[in-house]
Amino acid sequence: MPALLTEERRRLIALLVLSGVGQAAAALTVAIAAPQLLVADQGVNRVWLISVLLGAAALIGALRMSECVLSERLAQSYVHQVRGDLVAAALHRADGPHLGITVARTTNDLSAVRNWIALGISPLLVGVPLILGVLVALLILSAPIAAAVTAMLTAFAATLYWLSRYALRRARTLRRRRGAMAAHIADTVSASANIRAAGGVHRELAHIDKVSARLGSAAVARSVIAGGMRGSAAATGAVAMVLATVVGTASATSAGAITAALLLLGVIATPLNELGRITEYRQSYRAARLILEPELQFATHARQSAPAPRARRVNGVPDGVVHLADLPGASELLAFPGGRILLRCTDAAAAGITDALLHGSPHAWVHVDGRDLYSLQANDRRELVGWAARGTAIERGTIGRAVRYRLPRSDESPIQALQRVGLGERITELPNGVRTVLRRGGDPLSTSERAQLLLARATLGTPPLLLLDHLDEQLDAAGRQMAGELIRTYPGVVIARTHQPEQLLGAHRVWEVHDAGTRQLTAMEGATS
């Protein structure tokens, strides 16, 4: 997990500790002033003591309010960092976790992290100084009362330690079942059309009911332990007051000292109740941490292994040339601007080739426009390679943002790029035009229009290499005709997977990539457009 003690968070932690010290000082003031008030005569002295006690109470209230704000700021600062690392890990890996699992991690697991920081660590930073201050004040008032309360708090701490072992187990069980339910619901909603067509709505609802019931059972089982923690905390506060009264009476402590002791125990009643919840939050955090840490380590490794910039161009290489060598299962490929390459391979092999063409490879020669893709940062690579694939979901945002997503600083306007793929008129008819927000992967655009938008994004800025993966299968008849005309006149190199190469590419070569270690390049001329 990320370090908690960063520069900003250290300041917040220091303020929380000062808040606890301030509350302890106010409690000590109460301990000293309350007995004197009971024996004070009418007059200025009594008014002064009442003012001091009211001031101490107001100070405690103000510090509690600031504690709440500081705790939330500390927690949100930490969760913000963890959330960013989790999303980075999901974006960096092609074999990432299920969408439902990712959502559960960025919501439920991060809620557990947030609760531990805001409602666990922060109350400890404040509560421990306050409780220690109250014990010191009790010792000043009456040593027997202080000893009895200390023994009671020790027994309470032992009880929490014993229950915490069971709390962790049940928190992990609850977390697993919550993640399973999130994944199941995501799969069910994604397949809603097929479920309705097959008349399986009732079956799926019944299955979700079973999953939900198991989740509910796990939640109830955890609540038993959580209730034991909170109940023991509440009982500790009440029993401590009884002990203070009994021990104080038995030890001949003055009535004023007993009254002051009860007031002090009332001050720490809230921190004691919070200690019961703190242990619960701690175990939920530990259960979440066991799952989050591997993902966070992956994100850290991905950042640390990012290539350092090297030579931007290889001297003597003509502009726009694509040169590929040493790729697994494929032989060397040299393509000049205007070249059309049909990539023939299985889906498994295509995944590796696509990854190499988009990001480069540390073990192969992947050069576009005289530059090694692996040696470049992502901002530089995206200027060289445009990619569009069948079935790609479009991120949430406006149409204009989606078109310019690859090159946000491009001089070409989104509407110009959309017109190039035959989508300009359709977009201008929308009430908000290019400011229309796309949701659920591309709504309100049709399947073919989404493919056209992806093609507009891929060709924005005319990158030297255009990579297409069965995109034409998502287009309607008019869209396929548009794509064929656009691709055949494209000035850069086009590498595509398609079942209709003549219609999409015109004259082309075939580049075969095999899953096994063999390498073969079959050059052949296809039908011209």
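So, here is what we can say about the structure in this document. (Residues numbered from 1 in each chain as written. Predicted model: local features only at pLDDT ≥ 70, side-chain atom pairs only at ≥ 80, totals over all residues. Heavy atoms only, no water.)

Re the overall build of the protein chain
Then step 1. Each helix and strand in the protein chain was counted, giving 16 helices and 11 strands.
Then step 2. Taken over 529 residues, the protein chain has a buried fraction of 46%.
Then step 3. Long-range contacts, defined here as pairs at least 24 residues apart, represent 75% of the contacts in the protein chain between residues at least 6 apart.
Then step 4. Carbon together with sulfur atoms contributes 59% to the accessible area of the protein chain, which is approximately 25,900 Å² in total. (Helix = DSSP H or I, 4+ residues; strand = E, 2+ residues; numbered from the N terminus. Buried < 20%, exposed > 50% of the residue type's maximum accessible area, 1.4 Å probe, protein only. Contact = heavy atoms within 4.5 Å. Areas by Shrake-Rupley, 256 points an atom, 1.4 Å probe, with all protein chains shown as cover.)

Details of the packing of aromatic side chains
Then step 1. On inspection of all chains with the given rule, the structure shows 1 aromatic pair.
Then step 2. Judged by centre distance (5.5 Å) and plane angle (70°), the ring pair of Trp162 and Tyr166 falls under edge-to-face. Taken together, the residues Trp162 and Tyr166, both in helix α4 (residues 143–190) and 4 residues apart, mark about one turn of the helix. (Phe/Tyr/Trp six-rings, centres within 6.5 Å; stacked < 30°, edge-to-face > 60°.)

Here we look at unusual backbone geometry
Then step 1. Cis rather than trans, the peptide bond between Asp443 and Pro444 has omega equal to 15°.
Then step 2. For Pro444, the position within the fold is in the loop between β8 (437–438) and α14 (447–459).
Then step 3. Notably, Thr462 is not glycine yet its phi reads approximately 50°, a positive angle.
Then step 4. Relative to the elements of secondary structure, Thr462 occurs in the loop between α14 and β9 (465–469).

Structural notes on the sheet that holds strand β2 (residues 333–335)
Then step 1. A sheet is described by the order of its strands in space; here 4 strands give the open sequence β2-β1-β4-β5, paired in antiparallel fashion. The sheet is open, and its two borders are formed by β2 and β5 (371–372), each paired with just one other strand. (Pairing = 2+ DSSP bridges.)

Points about the pairing of strand β6 (residues 385–389)
Then step 1. For β6, a buried count of 4 out of 5 residues is recorded, marking the element as mostly surrounded by other parts of the structure.
Then step 2. Across 5 bridges, β6 lies against β9 in parallel orientation. Within the sheet, the bridge partner assigned to Trp387 lies in β9 and is Leu467.

Here we look at a positive patch on the surface
Then step 1. Taken together, the side chains of Arg172, Arg176, Arg177, Lys210 and Arg214 define a basic patch exposed on the protein surface.
Then step 2. Among the elements that make up the positive patch, the one with the highest residue count is α4 (3 residues).
Then step 3. By the secondary structure assignment, Lys210 is in helix α6 (residues 201–250). (Patch = residues over 30% accessible without salt bridge, like charges linked within 9 Å, V, L, I, M, F, W, Y side chains within 5 Å. Salt bridge = Lys/Arg side-chain N within 4 Å of Asp/Glu carboxyl O. Lys, Arg positive; Asp, Glu negative; His and termini not counted. Charge placed at Lys NZ, Arg CZ, Asp CG, Glu CD.)

A closer look at the nonpolar core
Then step 1. In terms of nonpolar packing, the biggest core is built from 36 residues, with Ile399, Leu453, Leu455, Leu468 and Val494 touching the most fellow members.
Then step 2. Sequence-distant contacts of Leu453, that is, excluding residues within four places in its chain, are made with Ile394, Ile399, Ala402, Val403, Leu423, Leu438 and Leu445.
Then step 3. Counting residues in each nonpolar core, the second largest holds 28 residues, with Ile145, Ala233, Ile258 and Leu265 among its members. (Core = buried A, V, L, I, M, F, W, Y, C linked by side-chain atoms within 4.5 Å.)

Here's the deal with empty space enclosed by the protein
Then step 1. For the coordinates displayed, the defined rule picks out 5 cavities of 30 Å³ or more.
Then step 2. In this structure, the largest cavity spans a volume of roughly 50 Å³.
Then step 3. What lines the largest cavity is Leu455, Leu468, His470, Leu471, Asp472, Leu475, Ala483, Ala496, Arg497 and Leu504.
Then step 4. For the lining of the largest cavity, a count of residues per class yields 7 nonpolar, 1 polar and 2 charged. (1 Å grid on protein atoms, 1.4 Å probe; cavity = no way out; pocket = protein on both sides within 12 Å on 5 of 7 lines; lining within 4 Å. Points joined across faces, edges and corners; volume = space filled by probe spheres on them. Nonpolar A, V, L, I, M, F, W, Y, C, P; charged D, E, K, R; others polar.)

Here's the deal with the environment of Gln416
Then step 1. Mapped onto the fold, Gln416 is located in helix α12 (residues 414–420).
Then step 2. Exposure remark for Gln416: the relative accessible area of 43% places this residue in the partly exposed category.
Then step 3. The spacing of Gln416 and Leu460 is 44 residues in sequence and 9.4 Å in space, taken between C-alpha atoms.

Comments concerning α4
Then step 1. Over its 48 residues, α4 extends 67 Å from the first C-alpha to the last, a length consistent with the 70 Å expected when each residue adds 1.5 Å.
Then step 2. Of all the bends found along α4, the most pronounced is centred on Ser164 and spans about 30°. (Expected span 1.5 Å × (residues − 1). Bend = angle between axes of the 7 residues up to and from the residue.)

Describing the sheet that holds β6
Then step 1. Read from one edge of the open sheet, 5 strands run β6-β9-β10-β3-β11, paired in parallel fashion. Looking at strand neighbours, the two that pair on one side only are β6 and β11 (509–512), the edges of this open sheet. Pairs of neighbouring strands in the sheet enclose a mean axial angle of 20°, with direction left out of account.
Then step 2. Judged from the 5 bridges that link them, β9 and strand β10 (residues 493–497) form a sheet pairing that is parallel. In the sheet register, Leu465 faces β10, and the bridge partner there is Val493. (Axes fitted to C-alpha atoms, helices over the stretch in contact; angles between N-to-C directions.)

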